[in-house]
Structure formats: structure tokens, C-alpha cells
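Inside the fold
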Amino acid sequence: MPFTVKKYLKLTSGSSIPTVGLGTWDIPTTVTASIVKNALDRGYRLIDCATLYGNEKECGEGISQWLAQDPENNKREDVFYITKLWNSENGYDNATRAIKNCLAKVKSIGYIDLLLIHSPLEGSQMRLGTYKAMQEAVDNGIVKSIGISNYGKHHIEELLNWSELKYKPVVNEIEISPWLMRQDLCDFCHSKDIEIIAYAPLAHSKRIRDPIVNKIADAKGITAAQVLLRWSLQKGYIPIPKTKTIARLA
């Protein structure tokens, strides 16, 4: 039977996440709002950001512009907005303040759909303190779902075995491509009902001219980028390609 791409995956939090999104790393603030708004016009419904990227405010502006464009049909609940707390924002007190700042930057869209710890590098106490603050944000209605990014198996096990765990992480956002499969980690996450968001699914565009990828693309009458995105989708991942060029969004 032919593989059918699902438009959404159900998270353990009860929310549904689109299976393709737009990454916003390294998109200049001067064009971020325009890129995000145009992405939503073209059918994207997942926007992935982070405090490290420095363009959360502009992502919110782009979403707001799209909502205002057609209030009858463009609904807030149709957009899935992700942001992440950076290392310097780890620890309970720091994270509590940072989450409020994240929401303030996108105040016009009302809430954050998914909040992630960007990296596990700050140590166990800081990681768990951050997650405690994130759980409280869910209780307060600021955030709908929470998860992790760049976590290895032992980091995940630490969190799942934590006595104060109230809300399991719904995703682990990690770099994934045919040249960086990380199959054991992905299989482990899926065994724990943790979805995989695949950043850099186009291998930072360094493999777009790969001869095998292009042979497949020619045979299917599609682009090399589409081959790589399809690979992620058929593995059950959520790819978040990035472009600074509006013409490439579609």
C-alpha cells in the first residue's frame, strides 16, 4: 500500500501537532514576520522558534498578521507555535522569568503551544528545575505542551524517572537526516510516546546535490528537498525545514 502522509500527530498531552513545520533559526528579524506570514498563507501551520534565535517577537507578529488577514477562517487554534528556553535560562527561577518573557514577546497570540528545553548541557539540577517551571506554566495555561530538545537517552531517562514529573515530554527535537539517522535514539523516544521533531532535515542544504538523492528526485519528478522531507515523514518524524526566501516556501 502507498504511504499516506498524516497532516497531524496526536501528542500525549492531547494536542495535535502538524507533521511539517517551518524552522526560523538564523532568519533575520527584518524579514521574520513576512516569512512566517507567507508560510502560513502557503499552508504551514507549525512555526518553530527559540529564545536563542532572537526573533520570537517577529514570529508572533507574523502569526498575528495572518490571523488578522481573515479572522473568519484564520484561527489561532490552527497555528502551532513552538519556542525553547536556552541554557542561560535554565534553573527554576531563571526559567520562570524566561517563560513569562517568552509569552510577553508573543502576547498577541495568547499562549505558547509547545515549550522545550533547548539543551540538556546545564546539568541535572538545572534541567529538572527548568522542567518544574515548565510544568507550572502548563498548570497556569501559559503553555499547552512541554518537551525537550537535543536530549540523549540518559537525559530522557532521568526526566521520566524524576519523582516530580507531572507532564511527560511530548517531543524531542533533534537534528535528523539520512546522514544523521540516530535510529536508536529515535526508536527509544517512540517507545516512550515521545515524537521526534527533525531539525535540519535538509542536512543544512549541504546534501541537496547528493547524487542518490537527485536520482530519486528525477525518478519521482520532484525536488531533492522534497525527497529528504518525504524521508523524514515516512520515518514518522516531523521535519522543520527553513528558508529565508519566500519563493521557496511552497
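Everything below is about the structure printed above this text.
The paragraphs below set out a description of the structure included in this document. (Residues numbered from 1 in each chain as written. Predicted model: local features only at pLDDT ≥ 70, side-chain atom pairs only at ≥ 80, totals over all residues. Heavy atoms only, no water.)

A word on the pattern of salt bridges
A full pass over the atoms with the stated rule returns 9 salt bridges. Lys 244 is paired through a salt bridge with Asp 26; the nearest N and O atoms lie 3.3 Å apart. Taken together, the positions of Lys 244 in the segment after strand S10 (238–240) and Asp 26 in the loop between strand S3 (22–23) and helix H1 (29–41) put the pair 218 residues apart, joining distant regions of the chain. A residue is classified by how much of its surface remains accessible, and Asp 26, at 41% relative accessible area, is partly exposed. Note that Lys 57 and Glu 61 form a salt bridge whose closest N and O atoms lie 2.6 Å from each other. Linking Lys 57 with Glu 61, this pair stays in helix H2 (residues 56–69), spanning 4 residues, or about one helical turn. (Salt bridge = Lys/Arg side-chain N within 4 Å of Asp/Glu carboxyl O. Helix = DSSP H or I, 4+ residues; strand = E, 2+ residues; numbered from the N terminus. Buried < 20%, exposed > 50% of the residue type's maximum accessible area, 1.4 Å probe, protein only.)

Topic: the environment of Asn 74
Its place among the elements puts Asn 74 in the loop between H2 and strand S5 (80–85). For the pair Asn 74 and Leu 40, spaced 34 residues apart in sequence, the C-alpha separation works out to 9.4 Å. In contact with Asn 74, not counting residues within four places along its chain, are Trp 66, Leu 67 and Gln 69. One polar contact links the side chain of Asn 74 to the main-chain carbonyl oxygen of Trp 66, over a distance of 2.8 Å. (Contact = heavy atoms within 4.5 Å. Polar contact = N/O pair within 3.5 Å; in protein donor to acceptor, adjacent residues only side chain to side chain.)

Details of the pairing of strand S7 (residues 143–149)
By the criterion of burial, S7 is predominantly enclosed, with 6 of the 7 residues buried. The pairing of strand S6 (residues 112–117) with S7 spans 5 bridges and is classified as parallel. Paired with Ile 117 across the bridge in S7 is Ile 148. In terms of strand pairing, S7 meets strand S8 (residues 171–175) through 2 bridges, oriented parallel. The residue of S8 that forms the bridge with Ile 148 is Asn 172. In terms of handedness, the path from S7 via helix H5 (residues 153–160) over to S8 forms a crossover that is right-handed. (Pairing = 2+ DSSP bridges. Right-handed = clockwise from strand over helix to strand, strands pointing away.)

Remarks on H5
Every α-helix winds through 3.6 residues per turn, so residues three or four apart in the chain are directed the same way. Among all positions of H5, only His 155, Ile 156 and Leu 159 are buried. Looking straight down H5, one finds that the buried residues subtend no more than 95° of arc, so they occupy a single side. If you follow the buried residues of H5, they end up packed against helix H4 (124–139), S7, S8 and helix H6 (183–191). (Arc of directions from axis to C-beta.)

Structural notes on the pairing of S8
Among the 5 residues in S8, 5 count as buried, and that is most of the element. Residues Val 171, Glu 173 and Glu 175 point to one face of S8 and Asn 172 and Ile 174 to the other, with burial holding for every one of them. With 5 bridges connecting them, S8 and strand S9 (residues 195–199) associate as parallel partners. Bridging across to S9, Glu 173 finds its partner in Ile 197. The parallel pair S8 and S9 is bridged by H6, and the resulting crossover is right-handed.

Observations regarding the packing of aromatic side chains
In total, this model carries 3 aromatic pairs according to the counting rule given. A ring pair is formed by Trp 231 and Tyr 237, whose centres lie 6.2 Å apart and whose planes are at 65°; its orientation type is edge-to-face. Accessibility assignment for this pair places Trp 231 and Tyr 237 in one class, buried. Its guanidinium or amino end placed over the ring of Tyr 111, Arg 76 lies 3.9 Å from that ring's centre, counting from NZ or CZ. (Phe/Tyr/Trp six-rings, centres within 6.5 Å; stacked < 30°, edge-to-face > 60°. Lys NZ or Arg CZ within 6 Å of the ring centre and 35° of its normal.)

Considering helix H3 (residues 92–105)
The first and last C-alpha atoms of H3 sit 20 Å apart over 14 residues, in line with the 20 Å expected at 1.5 Å per residue. Within the span of H3, buried status applies to Ala 95, Ala 98, Ile 99, Cys 102 and Leu 103. The buried side chains of H3 occupy one side of the element, clustering within an arc of 135° when seen end-on. Turned more than 90 degrees away from the buried face of H3, the exposed residues are Asp 93, Lys 100 and Ala 104. The secondary structure elements touched by the buried residues of H3 are H2, S5, S6 and H4. (Expected span 1.5 Å × (residues − 1).)

The analysis is restricted to geometry; functional conclusions fall outside its scope.
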